[in-house]
Amino acid sequence: MPRQAGILMPITSLPSPYGIGTIGKEAYKFADFLKKSGQKIWQILPVGPTSYGDSPYQSFSTYAGNPYMIDLDTLVAEGLLKKAELKKYEWGSNPGYVDYEKIYNSRFEVLRIAYDRFKEQEDQKAFTSFKRRNCKWLKNYALYMAVKKANGMKAWTEWEDEDIRVREPKAVDRYTRKFKDEIGFWSWIQYKFYEQWEKFRAYVNSKGIKILGDMPIYVAMDSADTWANPEVFWLTEDRQPVCVAGCPPDYFSATGQLWGNPLYNWEYLKSTNYAWWFERIKAADALFDITRIDHFRAFDSYWAIPFPAENAIGGSWLEGPGIEFFNRMKEAIGDIEIVAEDLGTLTPGVIQLLKDSGYPGMKVLEFAFDSGEENDYLPHNYTENCVVYSGTHDNDTLMGWHDNTASDSDKAHAWSYCQISPEEGFNWGIIRTAYESKANYAIIQMQDILGLGSEARINTPSTLGGNWEWRIDGAMLTKELAAKLKDLATRTGRTED
């Protein structure tokens, strides 16, 4: 694995005139910026359709793409929308933040207009082919969304008709006929997402850049996956969770994190040679060049919280499938590029699993400077086979951490250890330290490169609202900034350009 540098930048954080970043021209321009900066990796957040709370880690489907990311100007160019129509809708008043309420209310009305025009076109061969190739997941997802909309967007566990709630075959057939056009609409959205994604990814790859995508380990309870595959999950006979996912009290939260996702029925999955899981990983590998598996430690042991619960304190650790899962995966689908998110309290079992798998783990510099205490996040403790970050999407920005969160002793340790001068600036001193480390990958949040404060934080764990909203001003991506990054990448052996 060659030494490389990359930037963590959510697609939704890109500029656009329609309130949220898309896989349109600004995404292509950002790829150009990465190329000029000597970067080899573009790390993004999950790209699935988001549900309540707008978190990319709570998606309606593990396979579907986010309708918000479809570029509307591309649909205009295809004759499916008109610029004048788009101007009639509200997309939010602040270009620096996503207004999800306005996006939700406008986006699907606009996509409906485009779909109605698409239906009038004679040539439907490409759409038909897409539906056929993706029928395993697309039929379930499109039907799920159609029935969900008819039920006022309630979770499937709250649908009034029990027959469709438990997927009684006659009910599935009846609703498939009843909602034929609505199913077509949700299928078409996925067709357009994947059509645009393939062109976008090809362009990024043509610049010598890999997309590092993010795959949440768990799926949402309210998702097409759970509805269509209840046997995969640890549910009661009436399809309620026995226990749900989260993590115990830690650095982020005194009461732990209650995520609420259903846990897996690992006994069943093992009996099927983990077929459902391997199909999911194959799908991620088809979308991304490198896949980051979120909460990797749960394959060794996972925190199970009895349902229902108010917080994560009352959970217990249960044993995961371990290295057998990854050995079987490599036999079934080959060796694919994976980054293991191994943050948190690591037991000997987790450490051994990471070693046995061979996947690179993660190091976060914001965790490294605990009042001078020795810890594994200090760069002199790294091996080459890891990814070093300034911070992740769950951290405050570097400057926010420095100015608002870190103790005086932690800050002093960071300045001293990294030998940062006032002229260099704190954020650039940390970035340089990451680049100079022996870690093969050095990936920095875009906000940290820009030296932004807590106002640019993308997520605060265990909170609802105000997350996933930050957006960049495209004018910040200057030639001077690209040259500075390129020089640093060249001096530290992270680019061959």
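Scroll up for the structure.
Just so it is clear, the model here is predicted, and its values are computed rather than measured.

Caption draft 1: Spatial organisation of the side chain of Thr22. Within the secondary structure, Thr22 sits in the loop between β1 (4-8) and α1 (25-36). Since its relative accessible area comes to 4%, Thr22 is described here as buried. Here the side chain of Thr22 touches Asp71 through a polar contact of 2.9 Å, side chain to side chain. Other than its neighbours up to four places away in sequence, Thr22 contacts Ile11, Leu14, Ala27, Tyr68, Met69, Ile70, Asp71 and Arg107.

Caption draft 2: Spotlight on the pairing of strand β10 (residues 361-364). Along β10, one buried face is formed by Gly361 and Lys363 and the opposite face, lined by Met362 and Val364, is buried too. By the bridge criterion, 4 bridges tie β10 to strand β11 (residues 386-389) in an arrangement that is parallel. Its bridge partner being in β11, Lys363 is matched across the sheet by Val388.

Caption draft 3: Expanded view of the sheet that holds strand β2 (residues 41-43). Here 8 strands make up an open sheet; going across it, the order is β9-β6-β3-β2-β1-β12-β11-β10 and the pairing parallel. A single partner strand is all that each edge strand has here, and the edge strands are β9 (338-340) and β10. For this sheet, the mean angle separating the axes of adjacent strands, direction not counted, is 25°. The sheet contact formed by β1 and strand β12 (residues 441-445) spans 5 bridges and is parallel. Within β12, the residue paired with Leu8 across the bridge is Gln445.

Caption draft 4: Up close: helix α17 (residues 426-436). The buried fraction of α17 amounts to 10 of the 11 residues, a majority that puts the element mostly inside the structure. Within the sequence span of α17, burial applies to Phe426, Asn427, Trp428, Gly429, Ile430, Ile431, Arg432, Thr433, Ala434 and Tyr435.

Caption draft 5: View of the environment of Ile217. With respect to the element layout, Ile217 can be found in the loop between β3 (210-215) and α10 (224-228). C-alpha of Ile217 to C-alpha of Ala298: the two residues are 81 residues apart in sequence and 8.1 Å apart in space. For Ile217, the contacting residues outside a window of four places in its chain are Tyr264, Trp277, Arg280, Asp294, His295, Ala298 and Phe299.

Caption draft 6: Focus on the nonpolar core. One finds Trp42, Trp188, Trp197, Tyr264, Trp277, Phe299 and Phe325 to be the most contacted residues of the largest nonpolar core, which totals 160 residues. In terms of residues, this core owes the most to one element, helix α9 (residues 180-206), which gives 11 residues.

Caption draft 7: Layout of the environment of Leu481. Position of Leu481 relative to the elements: it lies in helix α19 (residues 479-491). Separated by 448 residues in sequence, Leu481 and Phe33 have C-alpha atoms that sit 9.3 Å apart.

Caption draft 8: Region of interest: the packing of α17 against α19. Interaxial distance between α17 and α19 falls to 10 Å at its minimum, and their mutual angle equals 35°. Taken together, the residues of α19 that come into contact with α17 (itself represented by Trp428, Ile431, Arg432 and Tyr435) are Leu481, Lys484, Leu485, Leu488 and Ala489. Looking at the contact of α17 with α19 residue by residue, the class counts come to 7 nonpolar, no polar and 2 charged.

Caption draft 9: Highlighting the pairing of β11. Alternating positions in β11 separate into two faces, Cys386 and Val388 on one and Val387 and Tyr389 on the other, with burial throughout. Examined bridge by bridge, β11 and β12 share 3 bridges and lie parallel to one another. The residue bridging Val388 from the neighbouring strand is Ala442, located in β12.

Caption draft 10: Structural context of the packing of aromatic side chains. Within the structure shown, the criterion is met by 62 aromatic pairs. Plain terms: the ring middles of Tyr68 and Phe108 are 6.1 Å apart, the flat faces sit at 50° to each other, and that makes the pair tilted. Residue Tyr68 is found in the loop between β2 and α2 (72-77), and its partner Phe108 is found in helix α4 (residues 100-119); the two are separated by 40 residues along the sequence. In this pair, the class of Tyr68 matches that of Phe108, namely buried. Between Lys131 and the ring centre of Phe127, over which it is positioned, the NZ or CZ distance is 4.3 Å.

Caption draft 11: Region of interest: the pattern of salt bridges. For the structure shown, the criterion picks out 26 salt bridges. A single network of salt bridges, built from pairs that share partners, joins Arg112, Asp116, Lys119, Lys149, Asp181 and Glu182.

Caption draft 12: Summary view of the sheet that holds strand β8 (residues 316-319). The strand order across the open sheet built from 4 strands is β5-β4-β7-β8, with neighbouring strands paired in antiparallel fashion. The outermost strands of the open sheet, each flanked by one partner alone, are β5 (257-262) and β8. Taking the axes of each pair of neighbouring strands and ignoring which way they run, one obtains an average angle of 50° across the sheet. Here strand β4 (residues 243-247) pairs with strand β7 (residues 301-306) via 4 bridges, running antiparallel. Along β7, the bridge assignment pairs Val244 with Ile305.

Caption draft 13: The arrangement of the side chain of Ser223 in detail. Mapping Ser223 onto the fold places it in the loop between β3 and α10. A distance of 3.0 Å separates a polar atom in the side chain of Ser223 from a polar atom in the side chain of Thr226. When sequence neighbours within four positions are dropped, the list of residues in contact with Ser223 reads Ser59, Phe60, Ser61, Tyr144 and Trp156.

Caption draft 14: Seen up close, the state of the cysteines. The final tally for this structure, using the stated rule, is 0 disulfides. Among the cysteines around Cys386, which has no disulfide bond, Cys418 carries the closest sulfur, lying 15 Å off.

Caption draft 15: Broad picture of α1. With 12 residues, α1 extends 17 Å from end C-alpha to end C-alpha; this agrees with the ideal 16 Å at 1.5 Å per step. Within the span of α1, buried status applies to Glu26, Ala27, Phe30, Ala31, Phe33 and Leu34. The buried residues of α1 occupy an angular sector of 155° when the element is viewed end-on, so they sit on one face. Those residues of α1 that are exposed and angled more than 90 degrees off the buried face are Lys25 and Lys36. In this fold, the buried residues of α1 make contact with β1, β2, α9, α18 (446-449) and α19. Just downstream of α1, Gly38 is the residue with a positive phi angle, here 75°.

Each value, and the rule that gives it
- Residues numbered from 1 in each chain as written.
- Predicted model: local features only at pLDDT ≥ 70, side-chain atom pairs only at ≥ 80, totals over all residues.
- Heavy atoms only, no water.
- Helix = DSSP H or I, 4+ residues; strand = E, 2+ residues; numbered from the N terminus.
- Buried < 20%, exposed > 50% of the residue type's maximum accessible area, 1.4 Å probe, protein only.
- Polar contact = N/O pair within 3.5 Å; in protein donor to acceptor, adjacent residues only side chain to side chain.
- Contact = heavy atoms within 4.5 Å.
- Pairing = 2+ DSSP bridges.
- Axes fitted to C-alpha atoms, helices over the stretch in contact; angles between N-to-C directions.
- Core = buried A, V, L, I, M, F, W, Y, C linked by side-chain atoms within 4.5 Å.
- Nonpolar A, V, L, I, M, F, W, Y, C, P; charged D, E, K, R; others polar.
- Phe/Tyr/Trp six-rings, centres within 6.5 Å; stacked < 30°, edge-to-face > 60°.
- Lys NZ or Arg CZ within 6 Å of the ring centre and 35° of its normal.
- Salt bridge = Lys/Arg side-chain N within 4 Å of Asp/Glu carboxyl O.
- Disulfide = S-S within 2.5 Å.
- Expected span 1.5 Å × (residues − 1).
- Arc of directions from axis to C-beta.

Scope: geometric values only; no functional claims are made or implied.
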